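Here are the chains, one letter per residue:
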Amino acid sequence: MATPLIAGLAVAATALAGRYTIQAWQAYKARPIVPRMRKFYEGGFQPTMNRREAALILGVRESANAEKVKEAHKKVMVANHPDAGGSHYLASKINEAKDVMLGKTKGSGSAF
């Protein structure tokens, strides 16, 4: 007599668990898609580099101190150095960005 009762409770519990699973899956599929990667700046270079563009190239804030700018420059240059297969043009822009952020130039343009 207890066996049908236990079997009925097991069927009911399975049905509730299945219903909950389906609802959770539908909620998961309906959630907004959030990009997991950082969105990069989509645009070309300005004719004359400004602090904003220099900060975007180096990946630092416009108000970053000299030490952070130098660290960021080194990190970006290691990845884009011409001797390691990088572009000469990008290397010149990275160097120009460092100079603009450190105040060594007024963004007079690169060699290219």
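Because the structure is a prediction, the values reported are computed rather than measured.

Caption draft 1: Examining the packing of aromatic side chains more closely. Counted by the stated rule, this structure contains 1 aromatic pair. Lying over the aromatic face of Tyr28, Arg31 brings its terminal NZ or CZ to 4.0 Å of the ring centre.

Caption draft 2: Structural context of the packing of helix H3 (residues 66-80) against helix H4 (residues 88-102). One can describe the packing of H3 onto H4 by two numbers: an axis separation of 10 Å at closest approach and a directional angle of 180°. Taken together, H3 and H4 sit at an angle that is classed as roughly antiparallel. Facing Ala66, Val69, Lys70, His73, Val76, Met77 and Asn80 of H3, the residues of H4 in contact are Leu90, Ala91, Ile94, Asn95, Lys98, Met101 and Leu102. Grouping the constituent residues of the contact of H3 with H4 by class yields 9 nonpolar, 3 polar and 2 charged.

Caption draft 3: Seen up close, the side chain of Glu53. One can find Glu53 in helix H2 (residues 51-58). As a buried residue without a salt bridge, Glu53 has its nearest oppositely charged side chain in Lys93, at a separation of 5.5 Å. Apart from residues lying up to four places away in sequence, Glu53 is in contact with Gly44, Phe45, Gln46 and Thr48.

Caption draft 4: Looking closely at the nonpolar core. Of all hydrophobic cores here, the largest spans 15 residues; its most connected members are Ala54, Leu58, Val60 and Met101. Those elements giving two or more residues to this core turn out to be H2, H3 and H4. Looking at this core, the element that brings in the most residues is H4, giving 5 residues. Leaving out residues up to four positions away in the same chain, Leu58 has contacts with Val69, Ala72, His73, Val76, Ile94, Ala97, Lys98 and Met101.

Caption draft 5: Summary view of the pattern of salt bridges. Enumeration according to the criterion identifies 1 salt bridge in this entry. The salt bridge partner of Lys93 is Glu96, with a shortest N-O separation of 3.6 Å. With Lys93 and Glu96 both in helix H4, this residue pair falls 3 residues apart, about one helical turn. Given the relative accessible area of 6%, Glu96 is considered buried.

Caption draft 6: H4, seen in detail. The first and last C-alpha atoms of H4 sit 21 Å apart over 15 residues, in line with the 21 Å expected at 1.5 Å per residue. Taken together, the buried residues of H4 touch H2 and H3. Capping the start of H4 is the job of one residue whose side-chain oxygen sits 3.2 Å from the backbone nitrogen of Tyr89: Ser87. Of the residues one or two after H4, Gly103 is the one with positive phi, at around 80°.

Parameters and conventions
- Residues numbered from 1 in each chain as written.
- Predicted model: local features only at pLDDT ≥ 70, side-chain atom pairs only at ≥ 80, totals over all residues.
- Heavy atoms only, no water.
- Phe/Tyr/Trp six-rings, centres within 6.5 Å; stacked < 30°, edge-to-face > 60°.
- Lys NZ or Arg CZ within 6 Å of the ring centre and 35° of its normal.
- Axes fitted to C-alpha atoms, helices over the stretch in contact; angles between N-to-C directions.
- Helix = DSSP H or I, 4+ residues; strand = E, 2+ residues; numbered from the N terminus.
- Parallel < 35°, antiparallel > 145°, perpendicular 65-115°, else oblique.
- Contact = heavy atoms within 4.5 Å.
- Nonpolar A, V, L, I, M, F, W, Y, C, P; charged D, E, K, R; others polar.
- Buried < 20%, exposed > 50% of the residue type's maximum accessible area, 1.4 Å probe, protein only.
- Lys, Arg positive; Asp, Glu negative; His and termini not counted.
- Salt bridge = Lys/Arg side-chain N within 4 Å of Asp/Glu carboxyl O.
- Core = buried A, V, L, I, M, F, W, Y, C linked by side-chain atoms within 4.5 Å.
- Expected span 1.5 Å × (residues − 1).
- Polar contact = N/O pair within 3.5 Å; in protein donor to acceptor, adjacent residues only side chain to side chain.

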